[in-house]
Amino acid sequence: MDIAKSNLVQATAGREKGKYFFVLGTEGEYLLLADGKCRKLEAPKRKKCRHVRFIAQSDCRVAEKIRSNEKITNSELRKAIAAFSDHGNPDQEG
């Protein structure tokens, strides 16, 4: 499955391994990722597609805003990831 803008992914390599991110955009084989805490909207992480794993195609309000290029905040990203996370990972909450 191709990873598209506004999908939720999990890093499988690098320092961010295991962390959840929203895809803010794509640049060829690279994805622009942000989680609102370690990687803010102002400076998204550029990561290759093969170094992430698709988790879900989110239908939450934040994902809709990302798809429609509306303004979102880092707080909204953190809350959406925390709501999705099964274990309530404290590193992902804000």
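Up top is the structure.
In this text, all values refer to a predicted model and were calculated from it rather than measured experimentally. (Residues numbered from 1 in each chain as written. Predicted model: local features only at pLDDT ≥ 70, side-chain atom pairs only at ≥ 80, totals over all residues. Heavy atoms only, no water.)

**Focus on the overall build of the chain**
Then comes step 1: Across its full length, the chain carries two helices and five strands.
Then comes step 2: Starting at the N terminus, the α and β elements of the chain follow one another as β-β-β-β-β-α-α.
Then comes step 3: Within the span of the chain, comprising 94 residues, buried residues form 39% of the whole.
Then comes step 4: In the chain, once contacts between residues fewer than 6 apart in sequence are set aside, the share between residues at least 24 apart is 48%.
Then comes step 5: Roughly 5,500 Å² of accessible area belongs to the chain as shown, and the carbon and sulfur atoms make up 46% of that amount. (Helix = DSSP H or I, 4+ residues; strand = E, 2+ residues; numbered from the N terminus. Buried < 20%, exposed > 50% of the residue type's maximum accessible area, 1.4 Å probe, protein only. Contact = heavy atoms within 4.5 Å. Areas by Shrake-Rupley, 256 points an atom, 1.4 Å probe, with all protein chains shown as cover.)

**Describing the pairing of strand 2 (residues 20–27)**
Then comes step 1: Summarising burial for strand 2: six of the eight residues are buried, a large majority.
Then comes step 2: Here three bridges tie strand 1 (residues 7–11) to strand 2, and the two strands are oriented antiparallel to one another. When the bridges of strand 2 are listed, Q10 appears paired with Y20.
Then comes step 3: Judged from the five bridges that link them, strand 2 and strand 3 (residues 30–34) form a sheet pairing that is antiparallel. Among the inter-strand pairings, G25 is bridged to a residue of strand 3, identified as L32.
Then comes step 4: Hairpin connection, strand 2 to strand 3: the antiparallel pair is bridged by two residues, and G28 has positive phi, about 65 degrees. (Pairing = 2+ DSSP bridges.)

**Some thoughts on the pattern of salt bridges**
Then comes step 1: All told, the structure shown has seven salt bridges when counted by the stated rule.
Then comes step 2: The partner of E16 in a salt bridge is K45, with the nearest N and O atoms 3.9 Å apart. Of this pair, E16 sits in the loop between strand 1 and strand 2 while K45 sits in strand 4 (residues 45–48); the two residues are 29 residues apart in sequence, bridging distant segments of the chain.
Then comes step 3: The structure contains a network of salt bridges with shared partners spanning E16, K45 and K47. (Salt bridge = Lys/Arg side-chain N within 4 Å of Asp/Glu carboxyl O.)

**So, helix 2 (residues 74–84)**
Then comes step 1: Within helix 2, the full set of buried residues consists of N74, L77, R78, A80 and I81. Projected down its long axis, helix 2 carries its buried residues within an arc of 165 degrees, all on one side. Exposed residues lying more than 90 degrees from the buried face of helix 2 are K79 and A83.
Then comes step 2: On its buried face, helix 2 sits against strand 1, strand 2, strand 3 and helix 1 (61–67). (Arc of directions from axis to C-beta.)

**Details of the environment of G14**
Then comes step 1: You can see G14 is positioned in the loop between strand 1 and strand 2.
Then comes step 2: Considered as a pair, G14 and H51 are 37 residues apart in the sequence and their alpha carbons are 8.1 Å apart.

**Some details on the packing of aromatic side chains**
Then comes step 1: Across all of its chains, the model carries one aromatic pair by this definition.
Then comes step 2: Their ring planes at 75 degrees and their centres at 6.2 Å tell us that Y20 and F84 sit as a pair that is edge-to-face. Placement of the pair is Y20 in strand 2 and F84 in helix 2, with a sequence separation of 64 residues.
Then comes step 3: Its relative accessible area of 17% is what places Y20 among the buried residues.
Then comes step 4: The ring of Y30 has R46 sitting right over it, with the charged end atom 3.8 Å from the ring centre. (Phe/Tyr/Trp six-rings, centres within 6.5 Å; stacked < 30°, edge-to-face > 60°. Lys NZ or Arg CZ within 6 Å of the ring centre and 35° of its normal.)

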